[in-house]
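Fold and contact review
If you want the building blocks of each chain, they are given just below.
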Amino acid sequence: MQNAVEKFKTNYRLQRKLIIVLFTIVPVVLLLVFAYLPLVKMIQYSLTDWDGISAHSNFVGLQNYKTVLTNPQYVQVFKVSLYYFAVSIIQLALAMLLAVILSFKVKFPNLWKGLIFFPYLINGVAIGFIFLYFYKQNGTLDTIMKFFGLNSWIKLWMGNRSTNNWAIAFTSLWRYTGYNFLLFLGAIQSVDPQIYEAADMDGANKWQQFRYIMFPAIREIFLVNVILSVSGSLSAFDTPYIMTNGANGTSTFVIQTINTAFKFNKLGLASAMAIVLLIIILIVTLIQRVVTRERD
């Protein structure tokens, strides 16, 4: 009887290990085939002048990377990313302000929270079309400005190089403020309410409560979002692609990469651009881990 029990336990352990191995193999194989293998091939392509069609390509070494980092046509897209990064800082400040206001007692707090967060739920393509009509000549924005007598401020928002990137970047302000607002509000509300009550009893005003209680609670999240804004600014795609298709100096890094690959048939150069973006995101991720790592 004892031998039967031991045999059953042995078979159970073997079956358990086999199931674990089988269930592990499937995701590992999928990861290798659809993630790491394409990455290796992309690195290989980035060292060639392959056009994506020909059966053969020539090895060019690091020439594609040199082009990405020195050619004004490609360096320009990094400058466009600065517009998105600048607006993302405004967006974080606005989200923090709204979170602080709604952390105090206000009327209809759930209504305001829903209205602020709702734009984040809308698809980026839909947002692109919404703001395309918002900014067009004699569109919604022009109508509003005429109503308030600001006719002298009206201009061709999407056709003017001095305003088009700002106009597109500000769509992210409307879209992502609610997401960051929710993160900040959650961090603020995670603080024990008794701390706020104690601060009130000690005579602390709202600014002092924000400075010494609220901001320390959201500081780490704020720093993480600032760092993530760098990668987000470089990887902006859907909204500017829908609104301008990268025309008139509005091409972002991702749009330029796609056009280089499929419009100009320079798969090798586009692969180098993708690797450069990957390296930047990895550096940003590393900085994020350093900033947010737990300290004793």
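Residues numbered from 1 in each chain as written. Predicted model: local features only at pLDDT ≥ 70, side-chain atom pairs only at ≥ 80, totals over all residues. Heavy atoms only, no water.

**Comments concerning the overall build of the protein chain**
- Helices and strands together make up the secondary structure of the protein chain, namely 12 helices and zero strands.
- Taken from the N to the C terminus, the helices and strands of the protein chain come in the order α-α-α-α-α-α-α-α-α-α-α-α.
- Computed over C-alpha atoms, the radius of gyration of the protein chain comes to 26 Å, more than 25% over the 19 Å expected from 2.2 N^0.38 for 296 residues, which places it beyond the range of a compact globule.
- C-alpha atoms of the protein chain, sized along the principal axes, occupy 85 × 65 × 35 Å.
- Residues classed as buried in the protein chain amount to 33% of the 296 residues present.
- Within the protein chain, residue pairs in contact and separated by at least 24 positions form 67% of the contacts whose partners lie at least 6 positions apart.
- Of the accessible surface of the protein chain, which amounts to about 18900 Å², a share of 67% is contributed by carbon and sulfur atoms. (Helix = DSSP H or I, 4+ residues; strand = E, 2+ residues; numbered from the N terminus. Rg over C-alpha atoms; globule rule 2.2 N^0.38 Å. Buried < 20%, exposed > 50% of the residue type's maximum accessible area, 1.4 Å probe, protein only. Contact = heavy atoms within 4.5 Å. Areas by Shrake-Rupley, 256 points an atom, 1.4 Å probe, with all protein chains shown as cover.)

**Examining the layout of surface pockets**
- Its boundaries defined by the atoms lining it, the largest pocket holds a volume of some 490 Å³.
- Around the largest pocket, the lining comprises 22 residues; the ones closest to its centre are Gln91, Ser172, Tyr176, Gly232 and Ser233.
- At the level of elements, α3 (72-103), α7 (164-189), α9 (206-234) and α10 (238-243) are the ones that each hand at least two residues to the lining of the largest pocket.
- Counting residues per element, the lining of the largest pocket draws most heavily on α7, which supplies seven residues.
- Lining of the second largest pocket is provided by 17 residues; of these, Ser103, Phe104, Lys105, Tyr196 and Met214 occupy positions nearest its centre.
- Elements with a contribution of two residues or more to the lining of the second largest pocket: α3, α4 (109-117), α7, α8 (193-201) and α9.
- The dominant element in the lining of the second largest pocket, judged by the number of residues it contributes, is α8, at four residues. (1 Å grid on protein atoms, 1.4 Å probe; cavity = no way out; pocket = protein on both sides within 12 Å on 5 of 7 lines; lining within 4 Å. Points joined across faces, edges and corners; volume = space filled by probe spheres on them.)

**Comments concerning the pattern of salt bridges**
- Overall, the coordinates contain one salt bridge when judged by the stated rule.
- A salt bridge links arginine 175 to aspartate 238; its shortest N-O distance comes to 3.2 Å. In this pair, arginine 175 sits in helix α7 while aspartate 238 sits in helix α10, placing the two residues 63 residues apart along the sequence.
- Residue classification places arginine 175 among the buried residues on the basis of a relative accessible area of 12%. (Salt bridge = Lys/Arg side-chain N within 4 Å of Asp/Glu carboxyl O.)

**A short note on the packing of helix α2 (residues 63-70) against α3**
- Running from N to C, α2 and α3 point in directions that differ by 55°, and their axes come no closer than 5 Å. In terms of orientation, α2 and α3 fall into the oblique class. Every residue of α3 that contacts α2 at Thr67, Val68, Leu69 and Thr70 is listed here: Pro72, Tyr74, Val75 and Phe78.
- Grouping the constituent residues of the contact of α2 with α3 by class yields six nonpolar, two polar and no charged. (Axes fitted to C-alpha atoms, helices over the stretch in contact; angles between N-to-C directions. Parallel < 35°, antiparallel > 145°, perpendicular 65-115°, else oblique. Nonpolar A, V, L, I, M, F, W, Y, C, P; charged D, E, K, R; others polar.)

**Digging into the nonpolar core**
- Counting 19 residues, the largest nonpolar core has Phe181, Phe184 and Ile188 as its most contacted members.
- Where this core is concerned, the elements lending two or more residues are α3, α7, α8 and α9.
- Here this core gets six residues from one element, more than from any other, and that element is α3.
- In this structure, Ile127, Phe131, Ala167 and Ile168 belong to the second largest nonpolar core, which totals 17 residues. (Core = buried A, V, L, I, M, F, W, Y, C linked by side-chain atoms within 4.5 Å.)

**With respect to the side chain of threonine 48**
- With respect to the helices and strands, threonine 48 occurs in the loop between α1 (2-46) and α2.
- A polar side-chain atom of threonine 48 sits 2.8 Å from the main-chain carbonyl oxygen of tyrosine 45.
- If near-sequence neighbours (up to four positions away) are discounted, threonine 48 is found in contact with Ser57, Asn58, Phe59, Val60, Asn64 and Gly268. (Polar contact = N/O pair within 3.5 Å; in protein donor to acceptor, adjacent residues only side chain to side chain.)

**Describing the packing of aromatic side chains**
- Within this structure, the stated rule accounts for 13 aromatic pairs.
- Between phenylalanine 131 and tryptophan 174, the ring centres sit 5.5 Å apart and the planes meet at 70°, which makes this aromatic pair edge-to-face. Taken as a pair, phenylalanine 131 in helix α5 (residues 124-135) and tryptophan 174 in helix α7 lie far apart in primary sequence, 43 residues in all.
- Joined through ring pairs, the aromatic side chains of Phe117, Tyr120, Tyr176 and Tyr179 make up one cluster. (Phe/Tyr/Trp six-rings, centres within 6.5 Å; stacked < 30°, edge-to-face > 60°.)

**Comments concerning α2**
- By the burial criterion, the buried members of α2 are Asn64, Tyr65, Thr67 and Val68. Buried residues in α2, looked at end-on, bunch into an arc of 160°, giving them a common side. Turned more than 90 degrees from where α2 packs its buried face, Lys66, Leu69 and Thr70 sit exposed. (Arc of directions from axis to C-beta.)

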